[in-house]
Amino acid sequence: MARVTLEHVTKRYEDVTAVDDVNMEIEDGEFVCLVGPSGCGKSTTMETIAGLTKPTEGRVSIGDRDVTNLAPKDRGVAMVFQNIALFPHMDVYDNISFGLRLRKYDDEEVRRRVEEAADIVQLEGMLERMPDEMSGGQRQRVAIARAIVRNPDVFLMDEPLANLDAKLRVHMRTELQRLHRQLETTIIYVTHDQAEAMTMSDRIAVLDAGELQQIAPPLECYNEPANLFVAGFIGSPSMNFVAGELTRDGLETENFSVEFDPTGVPGAGPGDAVTLGVRPEDVHLVDHADSLARPTRRIEARSDVLEPMGDEIFVYLVLADQAERSMEEDPLESPNQLLMSVTPDTDIGEDRDLEVVLDRSKIHLFDTETGDALLHGLDDLTEPDADTTPTEAED
Ligand code: ADP
């Protein structure tokens, strides 16, 4: 077990900065996911920890040791990759024990470690199988067992479940969490799948264009995203964003306004471009908004496309008149669209006129220019006519 520290780690290739001044402290025994879109620098960050690549600048420490210039084998790390490279001509036992035998451990110690690891990943009774007699999930467990026998201080896993089918991936996620509980070892895990990161980790490190955007527990990234990038990346479907401008009375967007005292918004004032963010589950039909303590005023909308998911229905709402919509507009980028999620028993159809409200406590405000979050939830802001119900608040 060991803490992993990255200090000002930068990795530049000829014309790309793959990792840009990343600072991160991963606690002893913590499960941290590095997450972000393809090309954001996840693997390169991991490789600097593993020792497979040397940072152009900065320092990597494992425990109390500066390992920046150490070879991978001297770092106390074990790696599991997406492509499970098992030796096809060796059985499971030989595959798992290969590294130990190479390091000349005595036979008894090798057997003890292999059996213990096989037990942890539930491969008992399969030690004599050949790789081509096993499923993808079983092969991946062999790869994990091979890492376990090395008794590392830190596990490094780079998309280890990416090649498995969806059902097995979900199953293996649970197994990895169990493994982490059992071994209590630091795990650093790379994935582009935000759902995988949300479900497994103690903390998520969100990267974009080589830069660390936020490192925080999953729900904190979800409820208090540091900026527009994290807000849009974490959560599926993505948060709605509506461009607007702060006024003396609150926020004005093309199709609706939200009233509050703007002096309560730190770092922005009237005239500033501010983006409103709201998740689909925080958009409510007026008739279903009784439970909301502080809804916004009513917003007129028309239901466009419905996507029934079984446990919820996604409703694409159009805010402006159909006639005002430009045909070229990309519906996903349009300021005139909102995605709402409702329960499956909701009486709703396509092409209906509706009225919706937003949950004021779940509205996020972002600086449009920098993308930085200004405020999560409008609860603390004074609201003019705070006592008016949505019905009475109609202009
Ligand atoms: P991710 O794992 O998030 O997909 P990577 O860390 O693999 O991202 O890559 C980050 C960026 O660095 C990408 O733009 C990639 O093309 C670039 N890159 C990675 N490795 C090399 C390399 N060996 N030579 C040149 N560019 C590289």
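Residues numbered from 1 in each chain as written. Predicted model: local features only at pLDDT ≥ 70, side-chain atom pairs only at ≥ 80, totals over all residues. Heavy atoms only, no water.

Asks: Break down the sheet that holds strand S9 (residues 203–208) for me, with residues and values.
Replies: Pairing within the open sheet is mixed, and its six strands lie in the order S6-S7-S8-S3-S9-S10. Looking along the sheet, the strands with just one partner apiece sit at the ends: strand S6 (77–81) and strand S10 (211–216). With strand direction ignored, the average angle separating the axes of adjacent strands in the sheet is 15 degrees. Against the sheet, helix H1 (residues 42–50) engages strand S3 (31–35), S6, strand S7 (154–158), strand S8 (186–191) and S9, with an angle of about 150 degrees to S8. Across the sheet, helix H5 (residues 166–183) is in contact with S3, S7 and S8; its angle to S7 comes to roughly 170 degrees. (Pairing = 2+ DSSP bridges. Helix = DSSP H or I, 4+ residues; strand = E, 2+ residues; numbered from the N terminus. Axes fitted to C-alpha atoms, helices over the stretch in contact; angles between N-to-C directions. Contact = heavy atoms within 4.5 Å.)

Asks: If you had to explain the pattern of salt bridges to someone new, which residues and values would you point to?
Replies: Here the structure, examined in full by the defined rule, presents 20 salt bridges. Residues Asp193 and Arg173 are paired through a salt bridge, measuring 3.8 Å at the closest nitrogen-oxygen approach. A residue pair is termed long-range when its members are at least 10 positions apart, and Asp193 in the loop between S8 and helix H6 (194–200) and Arg173 in helix H5 qualify at 20 residues. Classification of Arg173 by relative accessible area gives buried; the value is 14%. Ionic pairing is found between Asp282 and Lys362, a salt bridge with its closest N-O pair at 4.0 Å. Within this pair, whereas Asp282 is found in the loop between strand S14 (273–278) and strand S15 (283–285), its partner Lys362 is found in the loop between strand S19 (353–358) and strand S20 (364–367), the two being separated by 80 residues in sequence. (Salt bridge = Lys/Arg side-chain N within 4 Å of Asp/Glu carboxyl O. Buried < 20%, exposed > 50% of the residue type's maximum accessible area, 1.4 Å probe, protein only.)

Asks: Quick one: what's the story with the site of the ligand, residue by residue and with numbers?
Replies: As a matter of local geometry, the ligand sits amid Tyr13, Val16, Ala18, Pro37, Ser38, Gly39, Cys40, Gly41, Lys42, Ser43 and Thr44. Between Thr44 and the ligand, the recorded distance is 2.5 Å, taken from a side-chain N or O atom to an oxygen atom. Alone, the ligand offers 560 Å² of accessible surface; in the complex the protein occludes 58% of this. The dominant element in the shell around the ligand, judged by the number of residues it contributes, is H1, at three residues. (Near = heavy atom within 4 Å. Polar contact = N/O pair within 3.5 Å; in protein donor to acceptor, adjacent residues only side chain to side chain. Areas by Shrake-Rupley, 256 points an atom, 1.4 Å probe, with all protein chains shown as cover.)

Asks: Which residues make up helix H3 (residues 107–120), and what values do they have?
Replies: Between the first and last C-alpha of H3 there are 20 Å, a value that for 14 residues agrees with the 20 Å anticipated at 1.5 Å per step. Here H3 has its buried residues at Val110, Arg113, Val114, Ala117, Ala118 and Ile120. Looking straight down H3, one finds its buried side chains confined to an arc of 155 degrees; they lie on one side. Residues of H3 that are buried in the fold lie against helix H2 (92–102), helix H4 (136–148) and H5. In this structure Asp106 caps H3, since a side-chain oxygen of it lies 3.1 Å from the backbone nitrogen of Glu108. (Expected span 1.5 Å × (residues − 1). Arc of directions from axis to C-beta.)

Asks: Help me get a handle on the state of the cysteines, residues and values and all.
Replies: Counted by the stated rule, this structure contains zero disulfides. Cys33 takes part in no disulfide bond, and the closest cysteine sulfur, belonging to Cys221, lies 11 Å away. You can call Cys33 buried: its relative accessible area is 0%. (Disulfide = S-S within 2.5 Å.)

Asks: Can you tell me about the packing of H2 against H3, naming the residues and giving the values?
Replies: Look at H2 against H3: their axes get within 10 Å of each other, and the N-to-C directions meet at 130 degrees. Between H2 and H3, the crossing angle belongs to the class labelled oblique. In terms of crossing hand, the pair formed by H2 and H3 is right-handed. Of H3, the residues touching H2 (which contributes Tyr93, Ile96, Ser97, Leu100 and Arg101) are Val110, Arg111, Arg113 and Val114. Its residues assigned to classes, the contact of H2 with H3 comprises five nonpolar, one polar and three charged. (Parallel < 35°, antiparallel > 145°, perpendicular 65-115°, else oblique. Left-handed = near helix turned anticlockwise from the far one by under 90°. Nonpolar A, V, L, I, M, F, W, Y, C, P; charged D, E, K, R; others polar.)

Asks: Break down the pairing of S14 for me, with residues and values.
Replies: Taken across its six residues, S14 has five buried, putting it largely inside the fold. The sheet contact formed by strand S11 (residues 240–247) and S14 spans six bridges and is antiparallel. For Phe241, the partnering residue across the bridge sits in S14 and is Gly277. Bridging between S14 and S20 involves four bridges; their strand directions are antiparallel. Bridge pairing in S20 places Gly277 opposite His364.

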